[in-house]
Amino acid sequence: MSQKRNELKMIIITILIYLIILKALFYFAFNKKEIKTNFSSHLAISIIVPMYNERILIRKTVNTLLEIEYFDFEIIVVDDGSTDDSLKLCIDSFENEEKVKILSQRNKGKAEALNNGIKHSKNSIIVCIDADTLVKSDVLERFVELFNDESVAAVSGQILVGNSNKFLSRIQYYEYIFCQNLERDFFGKYNSIITIPGAIAAFRKNAILSIGGFFGDTLTEDSDLSLRLLIAGYKIQNSKLAMGFTESPIYVQELCKQRRRWNAGLVQVLSKHFKSYTKAKNIFLTFIVIPYSILNRFVTPGVSSIADYLFIFHLIYFNSSYLALFIFYIFIDALTIQYLLSKNTIVKDLPSVIEIVVQRFCLRQILLMSNVLAVKSFFLKNFKWDKNTRQGDVKI
């Protein structure tokens, strides 16, 4: 019996090490430097900013949008029935700005706010940006250069944490770079990005309209739209240079709520479109990306947490063989992440190996909690959009 338990522990650690090596191989094999091209200056752009109770950041966001250097664009702020003074702040601050259009609707949700903005837009390229997301002045140019390819219907931006001054937000800062952005860049090479980040993304308006616009029947309207575009045969690209800086949760409870929504929304989207994507021609999407996403979101955090708890148990009772194996795993994990971060020009402050070990341990426990909450929400049909409290300390 003891031998079987030891074999199981060995299997768990081996799987985790394999996943680390696999992610590293993705980087080395496919992380090519993005080259700036001559962009299509004839493409005018409409930026849509959905807003609900965003009084803390909305003016800062719109002001950074007004600083964008591009020949022809408009900004459409859509207030989704805010109960604070967000709408009044917008009107007072920007009603005389020629580029800014402010719309108001009763509370219908983010998807309907985006659809309303699209309806009132005048240009062929739509850029969706969250009200808590700041951008650089070249963001539109970076998006448009990928629309030179007429077959491209959407371009995913690179979302980064803009408030990495707290312990929990610093964890997410590195996680966004190493996990989400790296995976999105890899999947984009096979036209298999299943989540274009709602915080910053660009679309051809005719492509969105051809599939019925945004739907609000899931918690993640961005994942739902992405998958519907892929099923319809459209092409989605990823831009590592079109960057958006967002505010991440700084409290454990709020981070759990955010990830619960993301994970429950992903389950909703995949179950909703199961028959469609299993019959799609995109084999890489169906047999690689979707299974990987399920494993990475739901299985890996559980397996990793089990390994953590076993480590604590054996630390107390000092089982040297397991301790040595686990320490090998966590340092391989940390060294791999540190090396990949060192190769990313965005990272200015490289964390130490010990810092990464501590951060990864904390993140695994939070992801496990959020997964439990997500599964509970899915089976109890208790879906709710939990809005996090804004701090307003986002920086570029």
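Residues numbered from 1 in each chain as written. Predicted model: local features only at pLDDT ≥ 70, side-chain atom pairs only at ≥ 80, totals over all residues. Heavy atoms only, no water.

**Q** An account of the sheet that holds strand S3 (residues 100-105) is requested, with residue identities and associated values reported.
**A** One open sheet holds the eight strands; their spatial order is S3-S2-S1-S4-S7-S6-S8-S5, and the pairing between them is mixed. Edge positions in the open sheet fall to S3 and strand S5 (134-135), since each of these has one partner strand only. Summarising the sheet, strand S1 (residues 45-51) and strand S4 (residues 125-129) pair through four bridges and their orientation is parallel. Within the sheet, the bridge partner assigned to Ile-47 lies in S4 and is Val-127. Contacts from helix H2 (residues 58-66) reach S1, strand S2 (73-80), S3, S4 and S5, with the element oriented near 165° to S2. The strands touched by helix H6 (residues 167-188) are strand S6 (152-161) and strand S8 (235-246); relative to S6, the strand with the most contacts, the crossing angle is about 160°. (Pairing = 2+ DSSP bridges. Helix = DSSP H or I, 4+ residues; strand = E, 2+ residues; numbered from the N terminus. Contact = heavy atoms within 4.5 Å. Axes fitted to C-alpha atoms, helices over the stretch in contact; angles between N-to-C directions.)

**Q** Before we move on, can you summarise the pairing of S2 with the specific residues and values?
**A** With eight of eight residues buried, S2 lies mostly within the body of the structure. Going residue by residue along S2, you find Phe-73, Ile-75, Val-77 and Asp-79 tucked away on one face and Glu-74, Ile-76, Val-78 and Asp-80 tucked away on the opposite face as well. Both S1 and S2 contribute to a ladder of seven bridges, which runs parallel. Pairing of Val-49 across the sheet is with Val-77, part of S2. In terms of handedness, the path from S1 via H2 over to S2 forms a crossover that is right-handed. With six bridges joining them, S2 and S3 adopt parallel strand pairing. Residue pairing in the sheet places Ile-76 in a bridge with Lys-101 of S3. In terms of handedness, the path from S2 via helix H3 (residues 86-94) over to S3 forms a crossover that is right-handed. (Buried < 20%, exposed > 50% of the residue type's maximum accessible area, 1.4 Å probe, protein only. Right-handed = clockwise from strand over helix to strand, strands pointing away.)

**Q** Now, about the pattern of salt bridges: what can you tell me, with residues and values included?
**A** All told, the structure shown has 18 salt bridges when counted by the stated rule. The closest approach of N and O atoms between Asp-217 and Lys-272, which form a salt bridge, is 2.9 Å. Of this pair, Asp-217 sits in the loop between helix H7 (205-210) and helix H8 (221-231) while Lys-272 sits in helix H9 (residues 252-272); the two residues are 55 residues apart in sequence, bridging distant segments of the chain. Given the relative accessible area of 47%, Asp-217 is considered partly exposed. (Salt bridge = Lys/Arg side-chain N within 4 Å of Asp/Glu carboxyl O.)

**Q** Can you tell me about the pairing of S1, naming the residues and giving the values?
**A** The element S1 is largely enclosed, with a buried count of seven among its seven residues. Burial along S1 is two-sided: Ile-45, Ile-47, Val-49 and Met-51 and Ser-46, Ile-48 and Pro-50, pointing in opposite directions, are all buried.

**Q** Break down the packing of H9 against helix H11 (residues 283-317) for me, with residues and values.
**A** A pair of packed helices can be characterised by two numbers: the angle between their axes and the separation between those axes. Packing of H9 against H11 leaves a shortest axis separation of 11 Å and a crossing angle of 150°. On the basis of the axis angle, H9 is roughly antiparallel to H11. Between H9 and H11 lies a crossing whose hand is left-handed. Taken together, the residues of H11 that come into contact with H9 (itself represented by Trp-262, Asn-263, Leu-266, Val-267 and Leu-270) are Ile-290, Ile-294, Arg-297 and Phe-298. Of the residues assigned to the contact of H9 with H11, the class counts are seven nonpolar, one polar and one charged. (Parallel < 35°, antiparallel > 145°, perpendicular 65-115°, else oblique. Left-handed = near helix turned anticlockwise from the far one by under 90°. Nonpolar A, V, L, I, M, F, W, Y, C, P; charged D, E, K, R; others polar.)

**Q** Talk me through the packing of H2 against H3; I want residue IDs and the actual numbers.
**A** In contact at an axis separation of 10 Å, H2 and H3 are set at 35° when each is read in the N-to-C sense. Both H2 and H3 take part in a crossing whose hand is right-handed. Taking contact as the criterion, the partners of Ile-58, Arg-59, Val-62, Asn-63 and Leu-66 in H2 are, on H3, Leu-89, Cys-90, Ser-93 and Phe-94. Broken down by class, the residue content of the contact of H2 with H3 amounts to six nonpolar, two polar and one charged.

**Q** Just give me the short version of the packing of aromatic side chains, but keep the residues and values in it.
**A** Scanning the entire structure with this criterion turns up nine aromatic pairs. Considering the side-chain rings of Tyr-173 and Tyr-174, the 5.1 Å spacing of their centres and the 70° angle between planes classify their relative orientation as edge-to-face. With relative accessibility at 4%, the residue Tyr-174 sits in the buried group. Cluster of aromatic residues (ring-pair linked, three or more members): Phe-186, Phe-187, Tyr-190, Phe-284 and Tyr-292. (Phe/Tyr/Trp six-rings, centres within 6.5 Å; stacked < 30°, edge-to-face > 60°.)

**Q** Give me unusual backbone geometry: which residues, what numbers.
**A** The backbone phi angle of Asn-53 is positive, close to 50°, even though this residue is not glycine. Summarising the element assignment, Asn-53 is placed in the loop between S1 and H2.

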